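Commentary on secondary and tertiary structure
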Amino acid sequence: MTFYLTFGQKSPLRNGWIEINAPDMEFARELAFDAFGEKFAFVYEEKNFDKRYFPAGQFGETMI
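All of the points below concern the structure found in this document.

Cut-off values and rules
Every residue gets a number counted from 1 within its own chain, in the order that chain's sequence is written. Residue-level local features of this predicted model are given only where pLDDT is at least 70; pairs of side-chain atoms are given and counted only at 80 or more, and the full residue set underlies all totals for whole chains, interfaces and linings. Calculation of side-chain values draws on the structure's entire complement of heavy atoms; hydrogens and water are dropped beforehand. Counting from the N terminus, the helices are the DSSP runs of H or I reaching at least four residues and the strands are the DSSP runs of E reaching at least two. Using C-alpha atoms as the atom set, the radius of gyration is obtained and then compared with a globule rule of 2.2 Å times the number of residues to the power 0.38. Three exposure classes are used, based on accessible area relative to the maximum for each residue type with a 1.4 Å probe and protein chains only: buried under 20%, partly exposed in between, and exposed over 50%. Any two residues having at least one pair of non-hydrogen atoms within 4.5 Å are treated as being in contact. Under the convention used here, a 1.4 Å probe and the Shrake-Rupley method define accessible areas, while residue burial counts only the protein chains that appear. Only four residue types enter the tally: Lys and Arg on the positive side, Asp and Glu on the negative side; His and the chain ends are excluded. Charge positions come from single atoms, namely NZ of Lys, CZ of Arg, CG of Asp or CD of Glu. DSSP-based pairing: two strands are paired if at least 2 bridges between them are found.

Notes on the overall build of the protein chain
The secondary structure content of the protein chain amounts to one helix and four strands. Relative to its length of 64 residues, the protein chain is compact, with a C-alpha radius of gyration of 11 Å against a globular reference of 11 Å. Principal-axis analysis of the C-alpha atoms gives the protein chain an extent of 25 × 25 × 20 Å. Relative to its full complement of 64 residues, the protein chain shows a buried share of 34%. Pairs at least 24 residues apart make up 60% of the contacts formed inside the protein chain by residues separated by at least 6 positions. With an accessible surface of roughly 4400 Å², the protein chain has 52% of that area assigned to carbon and sulfur atoms. Put simply, the protein chain has 7 plus and 10 minus side-chain charges, and the middle of one group is 11 Å from the middle of the other.

Set out below in structure tokens:
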């Protein structure tokens, strides 16, 4: 499954996302915490993510 990691308004990454491929939300959040600690805002499921709100687009490679 594809998940989308986003960042808070004070982050330099605030207007984009990082994709995460994971079997479920729990594992996607574990990957996010391993990579960024508590310095991210949300992890969205693909069905709940609207790229129009993140004009900077995807940052970096997809995390797996």
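Here the narrative resumes.
Some points on the pairing of strand β2 (residues 16-21)
Both faces of the sheet carry side chains from a regular strand, because those side chains alternate between them. Buried residues dominate β2, accounting for five of its six residues. Bridge count between strand β1 (residues 2-6) and β2: four bridges; the pairing is antiparallel. Bridge pairing links Thr2 to Asn21 in β2. Two elements, β2 and strand β4 (residues 57-58), share two bridges in a ladder whose sense is parallel. Across the sheet, Gly16 pairs through a bridge with Gly57, a residue of β4.

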